[in-house]
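Okay, here's what each chain looks like letter by letter:
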Amino acid sequence: MIVNKKIEYGTSPLFCWDVFACDTHELRTTLKKSQDVQELKFLAEKKGWEFEWERLFDFSYQTIVLTGVDNRIMWVGDGFHEMTGYPKVYALGKSPQFLQGPGTSEEDKESFKEKLLGGGEFTQRILNYRKDRSEYICEVTVLPIMGLDQSPAAFLALESEVF
């Protein structure tokens, strides 16, 4: 049976692939976050870290970078390569500063360092560089992971390119 529906002025039909694309993107994002959470939980259990991992589902991000308190990258999410052009394994053991370059302001670097030393959560934008040396603005939300002594043992950086 065909039902006639009135289409109001200014609206357009929604094609089935539009709905499917939205649902598929949301599903991929949720699955990617679930995989990240599982990998990070496993690592945290081995290290004795405490963190409310389900909080990650409350944030929008392209990739996660896990650093130790020594500022060395311990783990990166799959989105790292897509965002930066660098393979995941290349980043391991390096300081995230390898993504900065000549246009990254000293003020932004110093501000980031001070906030990190403060040990709390924060969000900051910083100019980074991809492997091909093209610039991008990266919005970073840093969440501390606590150790057994309740001091920061590592940091999660939830990163997204800002357009």
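Look up a bit, the structure's there.
A.B. asks: What should I look at first to understand the packing of aromatic side chains in this one?
C.D. replies: This structure, assessed with the given rule, holds five aromatic pairs. On the basis of an interplanar angle of 80° and a centroid distance of 5.0 Å, the ring pair of Y86 and F98 is categorised as edge-to-face. Of this pair, Y86 sits in the loop between α2 (79-84) and α3 (88-91) while F98 is found in the loop between α3 and α4 (106-118), placing the two residues twelve residues apart along the sequence. We note that Y86, like F98, is buried. Here the aromatic rings of Y90 and F98 are separated by 5.6 Å at their centres, their planes lie at 70°, and the arrangement is edge-to-face. Here a set of aromatic residues connected by ring pairs shows up, and it is made of Y86, Y90 and F98. One cation-aromatic arrangement involves K94 over Y90; the distance from NZ or CZ to the ring centre is 4.0 Å.

A.B. asks: Would you explain the side chain of E161 in this entry?
C.D. replies: Along the chain, E161 falls in strand β5 (residues 152-162). Only 2.6 Å separates the side chain of E161 from the side chain of R130, close enough to count as a polar contact. Those residues in contact with E161 that lie beyond four places of it in its chain are Q62, M83, R130, Y136 and I137.

A.B. asks: Is there a simple way to think about the environment of L116 in this case?
C.D. replies: Topologically, L116 is positioned in helix α4. L116 gets classed as buried once you look at its relative accessible area, which sits at 18%. Along the backbone, L116 and P144 are 28 residues apart, and their C-alpha atoms lie at a distance of 8.8 Å. If we skip the residues at most four places from it in the chain, L116 touches N71, F122, V142 and F155.

A.B. asks: Can you help me understand the sheet that holds strand β2 (residues 73-76) in this one?
C.D. replies: Adjacent strands of a sheet pair through backbone hydrogen bonds, lying either parallel or antiparallel. Read from one edge of the open sheet, five strands run β2-β1-β5-β4-β3, paired in antiparallel fashion. In this open sheet, the two strands that pair with only one neighbour each are β2 and β3 (122-129). Mean inter-strand twist for the sheet, computed between neighbouring axes without regard to direction, equals 30°. Taken together, the three bridges between strand β1 (residues 63-68) and β2 define a ladder with antiparallel strand orientation.

A.B. asks: Looking at this structure, how should I read the pairing of β5?
C.D. replies: Consecutive side chains of a regular strand alternate in pointing toward one face of the sheet and then the other. Along β5, eight of the eleven residues are buried, which leaves the element largely enclosed by surrounding structure. Pairing of β1 with β5, which is carried by six bridges, proceeds in the antiparallel orientation. Residue pairing for β5: G68 is matched across the bridge by A154. Judged from the ten bridges that link them, strand β4 (residues 135-146) and β5 form a sheet pairing that is antiparallel. Looking at β5, one finds that V142 is bridged to A157. Counting the residues in the hairpin turn of β4 and β5 gives five residues, including Q150, whose phi is positive at 65°.

A.B. asks: Before we go on, may I ask you to explain the nonpolar core in this structure?
C.D. replies: Nonpolar side chains tend toward joint burial in soluble globular proteins. In this structure, F80, F98, V140 and V142 are the most contacted members of the largest nonpolar core, which totals 19 residues. The dominant element in this core, judged by the number of residues it contributes, is β4, at four residues. Filtering out sequence-adjacent residues up to four positions away, V140 remains in contact with F112, F122, T123, Q124, I126, A157, L158 and E159. Residues L43, L56, I64 and W75 belong to the second largest nonpolar core, which totals 17 residues.

A.B. asks: Any chance you could explain unusual backbone geometry here in plain terms?
C.D. replies: Apart from glycine, the bulk of residues carry a negative phi angle, and the bulk of peptide bonds sit in the trans form. The backbone phi angle of N71 is positive, close to 70°, even though this residue is not glycine. Note on N71: relative accessible area 25%, which makes it partly exposed. In this structure, Q150 is a non-glycine residue whose phi angle is positive, near 65°.

Criteria and cut-off values
- Residues numbered from 1 in each chain as written.
- Predicted model: local features only at pLDDT ≥ 70, side-chain atom pairs only at ≥ 80, totals over all residues.
- Heavy atoms only, no water.
- Phe/Tyr/Trp six-rings, centres within 6.5 Å; stacked < 30°, edge-to-face > 60°.
- Helix = DSSP H or I, 4+ residues; strand = E, 2+ residues; numbered from the N terminus.
- Buried < 20%, exposed > 50% of the residue type's maximum accessible area, 1.4 Å probe, protein only.
- Lys NZ or Arg CZ within 6 Å of the ring centre and 35° of its normal.
- Polar contact = N/O pair within 3.5 Å; in protein donor to acceptor, adjacent residues only side chain to side chain.
- Contact = heavy atoms within 4.5 Å.
- Pairing = 2+ DSSP bridges.
- Axes fitted to C-alpha atoms, helices over the stretch in contact; angles between N-to-C directions.
- Core = buried A, V, L, I, M, F, W, Y, C linked by side-chain atoms within 4.5 Å.

Interpretation note: all reported values are geometric properties and have no functional meaning in isolation.
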